[in-house]
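# Coordinates in review
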Amino acid sequence: MSDLFAHETRPWQPLADRMRPRALAEVVGQRHLLDAGRPLRRALEAGHLHSMLFWGPPGTGKTTLARLIADSVNARFLTLSAVLAGVKEVREAVEQARRFAAEEGRPTLLFVDEVHRFNKAQQDAFLPHVEAGTLMLVGATTENPSFALNNALLSRLRTYVLKPLESEALVSLLRRALEDHERGLGERGIQAADEALLRIAHAADGDARRALNMLEMAADLAEQGVIDDEVLEQVAEQAPRRFDQGGDQFYDQISVLHKSLRGSDPDAALYWLARMLDGGADPEYIARRLVRVASEDIGNADPRALSLTLEAWQAYQRLGSPEGELALAQVTLYLALAPKSNAAYMAFKAVMKEAREQGSLEVPMHLRNAPTRLMKQLDYGKGYRYAHDEPDAFAAGSTYLPDELLGRQYYQPVERGLEIKLREKLVHLRSLNEQARAKLGNKT
């Protein structure tokens, strides 16, 4: 347990600690809580003391806001980690709060990090002291408090939802850290283009602490004082290395088998299958690649390809070699002659790229489940249209992507095989959506 009211910074502290905001003006993000007129902003400016809960992902400012609240009311700031503390530590904090009130006439703010890790008995230990105003409890959690906290404690806390920081806010924070001579990296003269800072912001995924740690690492690696692409690659490198199970010849052969299937050449595909089996390749490894072909190169042009390939794999597992190899040969010929479409593969590839680059975009409020009273009060699920209650079980005009990605169209079926019909259906549905949104726009 510690009093973190003082704001000393030391050179050996991590950059994220040194750059922790000391005033509201330094806070980036969370405008829905901190803009003028918002409840939390009014409470900070007025110095009103109330117990609360900050719910949000790591690095979004939960600890920082708790410290600013303590500053605003000249309160002692005590902190507990629910990972290490128990009822004993809670009682000690209460006694300190009483002593501070008696000796200094100051209130106490007790910040409990990861409060969701406290069990029911530990959470209940706070109740009488929160009720009596002995201390102001500020809890921080990354878990849904509807499930992580008991109702008795939750009902006594005002819940504030913190959001992942947007890339623009993180870039602003990183730029400030580069230029700050007192607490940041200003004295080192590190240079970084906005594009470089944006790459760090995207990699940080809404987490200010992670962004600053990555910037500090990049600064240490920047031999010429410039954070360039080479430095960023070293900082962001996290792609797992693939285990090499064979030599170049082995992978050349599995590659040409795949290409022969994609190119609709049954004779070449069958030849390379035979070459690999004769050379001692694991038939189950080949079966896994055939499943990949069924999804990547055929997809919804012939959805039967996937089920037939899985059945061939299962047949081999039951029969073994050499009898089961015929099932692999049979499905190889089918895959070679099936209509081809990589639309599903390309759509999935594009979405994965977007997911990595955009970070953890939030689920729109109208699509969130609301099984608890708190979640309903926060407008979870408000405005959702149940498709089965709509004409043809289609809620024309409804949106399901994150707000930042509205209008994206990843899946583009080709005019081959079954995807001809799927394309017609998709074009029709997209047309209905456009018409419904156009009507809504005209009304507004």
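About the thresholds
- Residues numbered from 1 in each chain as written.
- Predicted model: local features only at pLDDT ≥ 70, side-chain atom pairs only at ≥ 80, totals over all residues.
- Heavy atoms only, no water.
- pLDDT = per-residue confidence, 0-100.
- Contact = heavy atoms within 4.5 Å.
- Phe/Tyr/Trp six-rings, centres within 6.5 Å; stacked < 30°, edge-to-face > 60°.
- Helix = DSSP H or I, 4+ residues; strand = E, 2+ residues; numbered from the N terminus.
- Buried < 20%, exposed > 50% of the residue type's maximum accessible area, 1.4 Å probe, protein only.
- Lys NZ or Arg CZ within 6 Å of the ring centre and 35° of its normal.
- Patch = residues over 30% accessible without salt bridge, like charges linked within 9 Å, V, L, I, M, F, W, Y side chains within 5 Å.
- Areas by Shrake-Rupley, 256 points an atom, 1.4 Å probe, with all protein chains shown as cover.
- Salt bridge = Lys/Arg side-chain N within 4 Å of Asp/Glu carboxyl O.
- Lys, Arg positive; Asp, Glu negative; His and termini not counted.
- Charge placed at Lys NZ, Arg CZ, Asp CG, Glu CD.
- Core = buried A, V, L, I, M, F, W, Y, C linked by side-chain atoms within 4.5 Å.
- Axes fitted to C-alpha atoms, helices over the stretch in contact; angles between N-to-C directions.
- Parallel < 35°, antiparallel > 145°, perpendicular 65-115°, else oblique.
- Left-handed = near helix turned anticlockwise from the far one by under 90°.
- Nonpolar A, V, L, I, M, F, W, Y, C, P; charged D, E, K, R; others polar.
- Pairing = 2+ DSSP bridges.
- Expected span 1.5 Å × (residues − 1).
- Arc of directions from axis to C-beta.

With that settled, consider the confidence of the model for the protein. For the protein, per-residue confidence averages 89 on the pLDDT scale, and 94% of positions sit at 70 or higher. Counted against residues more than four places away or in other chains, residues 2-6, with its pLDDT under 50, gives 17 contacts. Overall, residues 238-245 carries pLDDT values under 50, and its contacts beyond four positions in sequence, including any with other chains, amount to 3 contacts.

A few words on the packing of aromatic side chains. One pass over the full model with this rule turns up 4 aromatic pairs. Aromatic pair F77 and F111: ring centres 6.1 Å apart, planes at 25°, arrangement stacked. With F77 in strand 3 (residues 76-81) and F111 in strand 4 (residues 108-113), the pair connects residues that are 34 residues apart, well separated along the chain. Exposure class is identical for F77 and F111. Each is buried. A cation over a ring is seen here: R368 above Y380, with NZ or CZ 5.0 Å from the ring centre.

That bond from S321 to P322 is cis: its omega, 0°, falls within 30 degrees of zero. The residue P322 is located in the loop between helix 17 (304-319) and helix 18 (325-337) in this model. Phi is positive for S264, close to 60°, though the residue is something other than glycine. Tracing the backbone through its elements, the reader meets S264 in the loop between helix 14 (248-262) and helix 15 (266-278). Owing to a relative accessible area of 36%, S264 belongs among the partly exposed residues under this scheme.

Side chains of E166, E168, D403 and E404 sit close together on the surface and give a patch of like negative charge. Examined against the element boundaries, E404 turns out to sit in the loop between helix 20 (373-377) and helix 21 (419-443).

Of all hydrophobic cores here, the largest spans 32 residues; its most connected members are L212, L215 and I227. Of all the secondary structure elements, the ones that give two or more residues to this core are helix 1 (15-18), helix 10 (167-179), helix 11 (194-204), helix 12 (208-221) and helix 13 (229-236). Setting aside its immediate chain neighbours within four residues, L212 contacts L15, A16, M19, L173, L174 and A177. Counting residues in hydrophobic clusters, the runner-up holds 27 residues, among them L257, I298, L328 and L335.

This brings us to the side chain of T372. In this structure, T372 sits in the loop between helix 19 (343-358) and helix 20. You can call T372 buried: its relative accessible area is 17%. For T372, the contacting residues outside a window of four places in its chain are S146 and F147.

Another point: the packing of helix 16 (residues 283-298) against helix 18. Between helix 16 and helix 18, the least distance of the axes is 11 Å, while the angle of their chain directions is 20°. With respect to helix 18, the axis of helix 16 lies roughly parallel. The way helix 16 lies across helix 18 gives a crossing that is left-handed. In this structure, helix 16 contributes P283, A287, L290, V293, A294 and I298 to the contact, and helix 18 contributes L328, V331, T332 and L335. Tallied by class, residues from the contact of helix 16 with helix 18 come to 9 nonpolar, 1 polar and no charged.

Let us now look at the pairing of strand 5 (residues 136-141). Of all the 6 residues making up strand 5, 6 are buried; the element is thus mostly covered by neighbouring parts of the structure. Burial of strand 5 is two-sided: the residues M136, V138 and A140 facing one way and the residues L137, G139 and T141 facing the other way are all buried. Relative to strand 5, strand 2 (residues 52-55) runs parallel, the two sharing 4 bridges. Directly across from F54, in strand 5, lies its bridge partner A140. Where strand 4 meets strand 5, 4 bridges bridge the pair, whose relative direction is parallel. Bridge pairing in strand 5 links V112 to G139.

This part covers the environment of L232. Its place among the elements puts L232 in helix 13. By relative accessible area, which is 5% here, L232 ends up buried. Between the C-alpha atom of L232 and that of A287, which follows or precedes it by 55 residues, the distance is 38 Å. If we ignore the near neighbours within four places in the chain, the residues touching L232 are A196, R199, I200 and I227.

It is worth spelling out the pairing of strand 2 at this point. Because side chains alternate across strand 2, one face comprises the buried residues M52 and F54, and the other comprises L53 and W55, equally buried. Bridge count for strand 2 against strand 6 (residues 158-161) is 4 bridges, and the pairing is parallel. Of the residues in strand 6, the one forming a bridge with M52 is R158.

Another point: helix 5 (residues 87-104). Here helix 5 is 18 residues long and its end C-alpha atoms lie 25 Å apart, about the 26 Å a rise of 1.5 Å per residue gives. Looking at helix 5, one finds that the buried residues are V90, A93, V94, A97 and F100. Across the axial projection of helix 5, the buried residues extend over an arc of 120°, all falling on one side. Turned more than 90 degrees away from the buried face of helix 5 sit K88, R91, A102 and E103, all of them exposed. Of the residues flanking the end of helix 5, it is G105, one or two places downstream, whose phi is positive at about 65°.

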